Amino acid sequence: MNPISFSADEHGQIILIMAITLVAVILTVSTMIYITATQHLFFNYNPTREIILTIDSDFERVLTRILANATQLYNFTSIKTEEGYERNAMEVAREVANLTFSYWVLSTQAAHAGKGLSIETDFIDETVQEQGKKIRLKIEDGGTIFNDELTYQERKLEQKLFKLWWYRPNSISAIGADLSIDSTIGVIGWKSRHIVFLNFTITAIRSVRSDDAVYVDVSVFMEPVDHPKPVNDLRAENFEVYVFDPTVTLGPGKFWWKRMPVDRLELTYNGGGNYTVKINSPLENPGSSNAEDFWDFYFSFILIRVKDNRGILVEAYSYSGVEYTITERAVENYYPNNPYKTRETYIFELLPNGTLSWNFRNLETSNPRPPVPLPPVKQIRLQATTNGPGSEFREITLYQVERWDDRYLWPCEEKFIEGYARIRNGSKIVFQLNYPPGVREQKVRLIWFDDCDAEMPHRDFRLEYREGIQVAFTKHYTLMLVVDRELANQYYHHIDWTMSLLHKDAPRDIGALTTYLGGIDYILLGYDAYRSGNTYFIPYKIPEDDWTVLPKDDDGDGVVYAIVRAVAFRKTNRVVSSMENAPGEFRDELYHEAMIQIPYDASYFLYYINASWFKDVDIQYSYLVFGGIIGGRIEDPYQQVVEKYKWGSLLTPNGIVVNGTFNNLEGYIPHRGYVLGTQIGDGSYSHWFALYNESFGAAIFASEQMIQTLDKYGKTYKKGGRETDQVFVWTRGSGASRFMEYDAITVEVNTPTKINRYQTPKIEFKAAGFLLEGGVQEGDKFNNDGMWNDGGGDFARPFTRVGDPQATVSGPGELRLEKRAFIWDDFSINPIGSSMTVTSGTWRWEQDAAGNGYLRVDANGPSDGWGGMCVAYYPSGTYPMPSGRTIYVLVKERHSITANGQHVGLLMIENQNRFYSFEYYHAGTNTQRIRIIRYFNNWQNPSSVSLSLSDNVWRTFMGSRTVNNGLMNFRVAELGISVSATNTQINVGQFGVGVRVENSGTSMTAMFDDFIACVDSDPRYVTINDVNPGWRIEIKDQNGNTVFSSVATGRKVVIDVLSRPIIRNGRIEVYDYAGNLMNPGTTDFDAIVGGDIYRFRSSKTFLNAVDQCMMYYRMFLDSYAPVYEIRILYSPLS
Amino acid sequence: MSAVLINRRGQMRTVEALIASGIMAVAMWSMISLTRYPEPYVGKMRKELVRECYDYLISMAEEEVFDKVIFYDNGTIRGNWEGLMKNVLNALLPPNILYNMTVLNMTQGGEIFYREAIYEKTLNKEALTNASPEDFRLAEMSSAEITYTTRNRWVLKIHLDLAVRW
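Please read all numbers here as calculations on a predicted model, not as lab measurements.

1. Some thoughts on the overall build of chain B
Working step 1: Scanning chain B from N- to C-terminus turns up 5 helices and 5 strands.
Working step 2: Listed by position from the N terminus, the elements making up chain B come as α-α-α-α-β-β-β-α-β-β.
Working step 3: Burial status across chain B gives 40% buried among its 166 residues.
Working step 4: Of the contacts formed within chain B by residues at least 6 apart in sequence, a portion of 65% connects residues at least 24 apart.
Working step 5: For chain B, the accessible area works out to roughly 9,300 Å², and carbon and sulfur atoms hold 58% of it.

2. Regarding the overall build of chain A
Working step 1: What chain A contains, in helices and strands, is 9 helices and 84 strands.
Working step 2: By the compact-globule yardstick of 32 Å for 1134 residues, chain A is too spread out, its C-alpha radius of gyration being 44 Å.
Working step 3: Of all 1134 residues assigned to chain A, the portion counted as buried reaches 59%.
Working step 4: Here the contacts in chain A between residues at least 6 apart in sequence split such that 70% fall between residues at least 24 apart.
Working step 5: For chain A, the computed accessible surface area is about 43,500 Å², with 48% contributed by carbon and sulfur atoms.

3. With respect to the layout of surface pockets
Gaps left between atoms are located by rolling a probe of water-molecule size over the structure's atoms.
Residues and elements named next belong to chain A.
Working step 1: Its boundaries defined by the atoms lining it, the second largest pocket holds a volume of some 870 Å³.
Working step 2: Contributing to the lining of the second largest pocket are 30 residues, with Glu 86, Ile 417, Gly 419, Arg 459 and Asp 554 lying nearest its centre.
Working step 3: The set of elements that each furnish at least two residues to the lining of the second largest pocket consists of strand S1 (78–80), strand S27 (417–418) and strand S40 (559–562).
Working step 4: Counting residues per element, the lining of the second largest pocket draws most heavily on S40, which supplies 3 residues.

4. Some thoughts on empty space enclosed by the protein
All names here are of chain A.
Working step 1: Counted according to the given criterion, the structure contains 7 cavities of 30 Å³ or more.
Working step 2: Each pocket or cavity is described by its volume, and for the second largest cavity that value is around 90 Å³.
Working step 3: Taken together, 14 residues line the second largest cavity, and the ones lying closest to its centre are Tyr 522, Leu 524, Tyr 607, Ile 700 and Ala 767.
Working step 4: Going through the elements one at a time, strand S34 (520–523), strand S45 (604–613), strand S47 (624–631) and strand S57 (762–772) are the ones with two or more residues in the lining of the second largest cavity.
Working step 5: In the lining of the second largest cavity, the residues fall into 12 nonpolar, 2 polar and no charged.

5. Comments concerning the packing of helix H3 (residues 48–74) of chain A against helix H4 (residues 89–111) of chain A
Between two packed helices, what matters for the description is the angle formed by their axes and the separation of those axes.
All names here are of chain A.
Working step 1: Two numbers describe how H3 lies on H4: the axes approach to 9 Å, and their chain directions differ by 160 degrees. Classified by the angle their axes make, H3 and H4 are roughly antiparallel. The two elements H3 and H4 cross, and the hand of that crossing is right-handed. Here Ile 55, Asp 58, Phe 59, Val 62, Leu 63, Ile 66, Asn 69, Ala 70, Leu 73 and Tyr 74 of H3 lie close against H4, whose contacting residues are Ala 89, Met 90, Val 92, Ala 93, Val 96, Ala 97, Thr 100, Phe 101, Trp 104 and Thr 108.
Working step 2: Here the residues of the contact of H3 with H4 are counted per class, giving 16 nonpolar, 3 polar and 1 charged.

6. Concerning the pairing of strand S1 (residues 97–105) of chain B
Residues and elements named next belong to chain B.
Working step 1: The element S1 is largely enclosed, with a buried count of 7 among its 9 residues.
Working step 2: As paired elements, S1 and strand S5 (residues 155–164) share 9 bridges and run antiparallel to each other. Across the sheet, Val 103 pairs through a bridge with Ile 158, a residue of S5.
Working step 3: Pairing of S1 with strand S3 (residues 128–129), which is carried by 2 bridges, proceeds in the antiparallel orientation. Looking at the pairing, Asn 100 lines up with Thr 129 of S3.
Working step 4: Of the pairings in the sheet, the one linking S1 to strand S2 (residues 121–122) comprises 2 bridges and is antiparallel in character. When the sheet's bridge partners are listed, Leu 104 is paired in S2 with Thr 122.

7. A closer look at the packing of aromatic side chains
Residue and element names in this part refer to chain A.
Working step 1: By the definition in use, this model includes 71 aromatic pairs over all chains.
Working step 2: Note on Tyr 324 and Tyr 1124: the rings are 6.1 Å apart at their centroids and 45 degrees apart in plane angle, and the pair reads as tilted. Of this pair, Tyr 324 sits in strand S19 (residues 321–327) while Tyr 1124 sits in strand S84 (residues 1123–1129), placing them 800 residues apart in sequence. Of the two residues examined, Tyr 324 and Tyr 1124, each falls in the buried class.
Working step 3: In textbook terms, an aromatic cluster arises when at least three aromatic residues are bridged by ring pairs, as seen for Tyr 346, Phe 348, Trp 358, Phe 431, Tyr 435, Tyr 604, Phe 701, Phe 770, Tyr 1112 and Phe 1116.
Working step 4: Its guanidinium or amino end placed over the ring of Trp 404, Lys 428 lies 3.3 Å from that ring's centre, counting from NZ or CZ.

8. Points about unusual backbone geometry
Working step 1: Between A:Ile538 and the following residue, A:Pro539, the backbone shows a cis peptide bond with an omega angle of -15 degrees.
Working step 2: Assignment of secondary structure puts A:Pro539 in the loop between strand S37 (535–537) and strand S38 (541–543).
Working step 3: With an omega of 5 degrees, the peptide bond between A:Leu550 and A:Pro551 qualifies as cis.
Working step 4: Position of A:Pro551 among the secondary structure elements: in the loop between strand S39 (548–550) and S40.
Working step 5: Located in the positive-phi region is A:Leu161, a residue other than glycine, with phi close to 65 degrees.
Working step 6: Tracing the sequence through the fold places A:Leu161 in the loop between strand S7 (155–156) and strand S8 (162–165).
Working step 7: Positive phi, close to 55 degrees, is recorded for B:Asn80, a residue that is not glycine.
Working step 8: Taking the relative accessible area as the measure of exposure, B:Asn80 reaches 53% and is therefore exposed.

9. Looking at the environment of A:Asn581
Working step 1: Among the secondary structure elements, A:Asn581 is positioned in the loop between strand S42 (575–577) and strand S43 (585–586).
Working step 2: Sequence separation between A:Asn581 and A:Gln620 is 39 residues, and the spatial gap between their C-alpha atoms is 18 Å.

10. Here's the deal with H4(A)
Working step 1: Taking 1.5 Å per residue as the helical rise, H4(A) with its 23 residues ought to reach 33 Å, and the 31 Å between its terminal C-alpha atoms agrees with that figure.
Working step 2: Where H4(A) begins, the capping side chain belongs to A:Asn88, and its oxygen is found 2.9 Å from the backbone nitrogen of A:Met90.

11. Re the nonpolar core
Working step 1: Grouped together as the largest cluster of nonpolar side chains are 263 residues, with contacts concentrated most on B:Phe66, B:Met85 and B:Met101.
Working step 2: The element that contributes the greatest number of residues to this core is H3(A), accounting for 12 residues.
Working step 3: Within the second largest apolar cluster, 44 residues are counted, among which are A:Tyr874, A:Val972, A:Phe991 and A:Val993.

12. Describing the environment of A:Val1015
Residues and elements named next belong to chain A.
Working step 1: Within the secondary structure, Val 1015 is located in strand S76 (residues 1003–1015).
Working step 2: Residues Val 1015 and Gln 109, 906 residues apart in the sequence, show an inter-C-alpha distance of 81 Å.
Working step 3: Residues contacting Val 1015, with those up to four places away along its chain left out, are Arg 820, Phe 822, Pro 882, Ser 883, Gly 884, Thr 886 and Ile 887.

13. Details of the sheet that holds strand S83 (residues 1093–1098) of chain A
All names here are of chain A.
Working step 1: Taken in spatial order, the 4 strands of this open sheet run S61-S83-S77-S80, and their pairing is mixed. Lying at the two open borders of the sheet, with one neighbouring strand each, are strand S61 (813–818) and strand S80 (1052–1056). Within this sheet the neighbouring strands show an average axis-to-axis angle of 20 degrees, counted without direction.
Working step 2: Alignment of S61 against S83, held across 6 bridges, turns out to be antiparallel.

14. Remarks on the side chain of A:His687
Working step 1: Relative to the assigned elements, A:His687 resides in the loop between strand S51 (678–680) and strand S52 (688–692).
Working step 2: Those residues in contact with A:His687 that lie beyond four places of it in its chain are A:Leu651, A:Ile700, A:Phe701, A:Ala702, A:Ser703, A:Glu704, A:Ile707, A:Tyr742, A:Tyr1113 and A:Leu1117.

15. Focus on the pattern of salt bridges
Residue and element names in this part refer to chain B.
Working step 1: Counted under the stated rule, the structure contains 89 salt bridges over all chains.
Working step 2: With a shortest N-O distance of 3.9 Å, Glu 145 and Lys 157 are connected by a salt bridge. Placement of the pair is Glu 145 in strand S4 (residues 141–149) and Lys 157 in strand S5, with a sequence separation of 12 residues. With respect to burial, Glu 145 and Lys 157 carry one shared label: buried.

16. Some words on the sheet that holds strand S48 (residues 647–651) of chain A
Residue and element names in this part refer to chain A.
Working step 1: The sheet built from 10 strands is open, its strands ordered S39-S41-S44-S45-S57-S53-S52-S48-S49-S59 with antiparallel pairing. Of all the strands in the sheet, the pair left with one neighbour each is S39 and strand S59 (798–799).
Working step 2: Where strand S41 (residues 565–572) lies against strand S44 (residues 590–599), 8 bridges are found, and the strand directions are antiparallel. Each residue of the ladder has a partner; that of Thr 572, found in S44, is His 592.
Working step 3: Against the sheet, helix H8 (residues 704–716) engages S45, strand S53 (697–702) and S57, with an angle of about 130 degrees to S57.
Working step 4: With respect to the sheet, helix H9 (residues 1105–1112) is in contact with S48, strand S49 (657–661), S52, S53 and S57, its orientation differing from that of S52 by roughly 150 degrees.

17. Re the confidence of the model for chain B
Working step 1: Residue-level pLDDT values for chain B average 80, and 80% of them are 70 or greater.
Working step 2: No element of chain B has a lower mean pLDDT than helix H1 (residues 2–35) of chain B, which averages 71, and none a higher one than helix H3 (residues 65–70) of chain B, which averages 94.

18. Overview of the pairing of strand S71 (residues 939–946) of chain A
All names here are of chain A.
Working step 1: Taken together, the 6 bridges between strand S70 (residues 927–936) and S71 define a ladder with antiparallel strand orientation. Across the sheet, the residue bridging to Tyr 935 is Trp 939, located in S71.
Working step 2: Counting the residues that bridge the hairpin from S70 to S71 gives 2 residues, and of these Asn 937 lies at a positive phi of roughly 70 degrees.

Conventions adopted
Residues numbered from 1 in each chain as written. Chains lettered and ligands numbered in written order. Predicted model: local features only at pLDDT ≥ 70, side-chain atom pairs only at ≥ 80, totals over all residues. Heavy atoms only, no water. Helix = DSSP H or I, 4+ residues; strand = E, 2+ residues; numbered from the N terminus. Buried < 20%, exposed > 50% of the residue type's maximum accessible area, 1.4 Å probe, protein only. Contact = heavy atoms within 4.5 Å. Areas by Shrake-Rupley, 256 points an atom, 1.4 Å probe, with all protein chains shown as cover. Rg over C-alpha atoms; globule rule 2.2 N^0.38 Å. 1 Å grid on protein atoms, 1.4 Å probe; cavity = no way out; pocket = protein on both sides within 12 Å on 5 of 7 lines; lining within 4 Å. Points joined across faces, edges and corners; volume = space filled by probe spheres on them. Nonpolar A, V, L, I, M, F, W, Y, C, P; charged D, E, K, R; others polar. Axes fitted to C-alpha atoms, helices over the stretch in contact; angles between N-to-C directions. Parallel < 35°, antiparallel > 145°, perpendicular 65-115°, else oblique. Left-handed = near helix turned anticlockwise from the far one by under 90°. Pairing = 2+ DSSP bridges. Phe/Tyr/Trp six-rings, centres within 6.5 Å; stacked < 30°, edge-to-face > 60°. Lys NZ or Arg CZ within 6 Å of the ring centre and 35° of its normal. Expected span 1.5 Å × (residues − 1). Polar contact = N/O pair within 3.5 Å; in protein donor to acceptor, adjacent residues only side chain to side chain. Core = buried A, V, L, I, M, F, W, Y, C linked by side-chain atoms within 4.5 Å. Salt bridge = Lys/Arg side-chain N within 4 Å of Asp/Glu carboxyl O. pLDDT = per-residue confidence, 0-100.

Right, dumping it as structure tokens:
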């Protein structure tokens, strides 16, 4: 075969090769396209974005759920725990909200585990509504009653997850938090802020009587905050509307505030989140005489609670508060601008219908009374002016909301002081208001906080129950109430009294209280008498039963706390015999109801009794007492001790005050009144009498009712033409108890009285017990048995004038210094050549490493004068000695003795030839002593005690000398070793220090510091007088460091300041029991020096018993009761 | 002899041309086949199905379907809510979509108080599905999960599988 021919045949193969090559290219390209086009199908889709969006969406959802749940929980107001005690529903709601929120975070993290998500949340402080937001409110009844913009304070979330601002015309429920998510495989740094809220506003209220309807315009918005979105899906069922219907007759389930049934509501949506709620036929009794008041006035008080379709609640009220201007009429008119008027304090009660009352009486006002709405009581706040209507408003901290029965006759035993429940039928807002000197009018604002995190005030009023006795520890006095007479008698013998008023500094321990002699006891209603031997006992029959004291002790530990007052009451037909050997009870004679109100921060308690005779009752020995006071108990051994109540005073009908002294002997003496057939002195009476000693006392203030009831009984049961009502004043033999009592029927011998239940159907009156600071007999006694029978002696006689009490102290005051030191020197500056004169020896002023100065002397051998002493002294020309009984000199001393016959000490000097040396004497190795030695031209008559004092140790030498008798004492204070001597030869007038080296060629060194010379006060101590037991005194240096601190156990505190007897630029701070600084303006002193005596002077000065009674008794009379005016507060900022 | 040879060359070229044409034709067919976009539903299905899963779940959450179906108004669990949920899903999803939903409760016992640990418990007592597991194995499937906080504050985890029925 020809190879060339063969090559000619290769053309056909080229086509094939080219075709294959082209195919390869095509296949490669198409494969690449295919791979490229389908590459993404080989990877899973990463849905991070969707996951984050769903988490974000659920975050908003959980916030909505939390807010819905929180508002619904809070709406319960209180929640009972498994243990059975009430909790603030807001606390529970917040706990549940926080728990739900945390749980959601954990659950969401767990649900998306493995997706590389990090979820974090934060609470925020976002402003939900800006400061000063103005929203208009319009109220019309044909004419315009109110049309103004209300201003709201800033509302912020305060890092609290959710906040509720309710009970205002504009109310908001809001929740908000931040969410941040980081994904390791996708989105980094996702952040979002969610705020969910419901914003509800009452914008207008119109009454249209012709329609028998009230129209309420409201607007409802939801998130976001910046551009609120209208809520447009509400129906009438979403609204709870309350109106105040004055035509309602109170009763079970009936209350002035009533919820309108849904079928009486018509809802119209006006677009833009605006609705009109038409309330049809709002009145229960449209024909009632009160109906007019509704259409003119009460229609404007609307409460609306809305629950949107997310379940979020909000509650709005058409007004924000009520202002009362209360004018007193009892004191200021009669004592204008009197600085001693410090106790005009009223405890007012406010009912939901706006009625204000005091001392069991509704007060008068010319205005229609706005009702109190229905917020939880913890939201209630009271503010009052401090010094008249134009002065600043301050919050009243002493108030409580009490629960009474539907008719407000008796308090409820359970939950008497409410904390979290809503105001409701039976609620009473009880608050205290004081009228300082010069003030007749005070304004009180009742408001309700919109911030639902508000809390109740603390309860500080402690009540303690032990063995049948209830003790109330008020701010001004301690009151013991015999709650269970039979039980109490097992531990504590007593017969007739029901209450005992004690000084607030009386022991707080009940055991000690029951033996405390310092109380004044109150007897209440009693009647009849019995005779045993020659003694008549009154009363024989005592209306008596256990008291119920509120608030109740729920946990059984005997201790319970109130805020502004406690209430005790009883309702019974029980009358007991006081005859100890014939006890018994009578159930068919008298039904009696009584109530005692015990305020925490006032000087009185209030008493009310309403007793009715079941039948005509025979009183064997005529006697009926309405009430009285007793000083000294029957079981007290008679002794004329300070606790005995020595004096009594009373107001007579002609306005004259009678003062008298009780007998000082153990024996019965009637001082005033008719008794057992004899008229002893005058028995006339008026609105008060008082029993007192130098620092304590008590009074009864009788109301008009009491006086009238006494008078009625006195006239009805006349004996021989003599009316039987009187004030009876007498001294009892047993324990020399002193009695003053209001008798409706005087005690008669063998003369029965038949009570006619139709002629004298009721014994109903009120009275007050009043605490007094006491007083002393100041005017002269005189003999007038008609005024005050002396019993034949000259002690128990009337006197003309009552002097000021030796009052206890209370309230801030000032600390006054009585400086007893006339020389004090801490050697902080060089005294040589300035304050001190030095003789021989080398005297130098030196400072230690800390810069504290001291005086140093180096002596070599005896000096030429002064008996060989080297002396430095304060000359009398510069430092004259004041008059006094005893001179004290104190100095700190340190010595270095090198030989025998060396002395160091302090000197009391007449001149260089006559002086006393109070010294340490080193006579020999075994002979060292302290001694007092006289230098009277030569050294004479030492008195000494052996004592060895080592070198180079600071000691405190203190010498004293009684001027009159020359009695001297020298002691080394730290060791308590002293020596005494007596000498009157030298007239001491100068003071100093000195050293003596007897032998030439020997030397010694001594140093002195903190020299004090003072009169009649021991320089080792600083004394603070006139404080109360339990007060704390702190002495501080100029840097504010406490150097000394002590707590008073009596009226005086003595502080040992030996370790630092001179403090320059120091402070003394006096604190009361509660830690209040009592001397705010007088804490700083140039020098606090041992021997100083300070006296705390209270800024409050108390009147004597008579002046106090005269000043305050009208407070408890109806004819002088306060009156008030009212203003509605739509906005608290208006 | 030469003429015979010439005729043989012509035939060979013809054969070569035919072979080349055949190769080209195969190549063209292959190219057309390879460069044609994959079947649209298959190509998009994974991503779209995932998105659709989330869309369905989110829209159900926004309409509070889980609250309305699983719980009564008072917050207690509705009896046989699973049947109701299947009705909802059947109505909501196209007929050719297979689904399988699982509802997990992260809030054991319903109360979130006093809980120490979080763990999941399946809330549905019966399968919420319109297909057998075998159907899902043969199909292209996607799934999604969301958390949903109910009105009574339970935190639910909702898992949804979707697949296309061929």
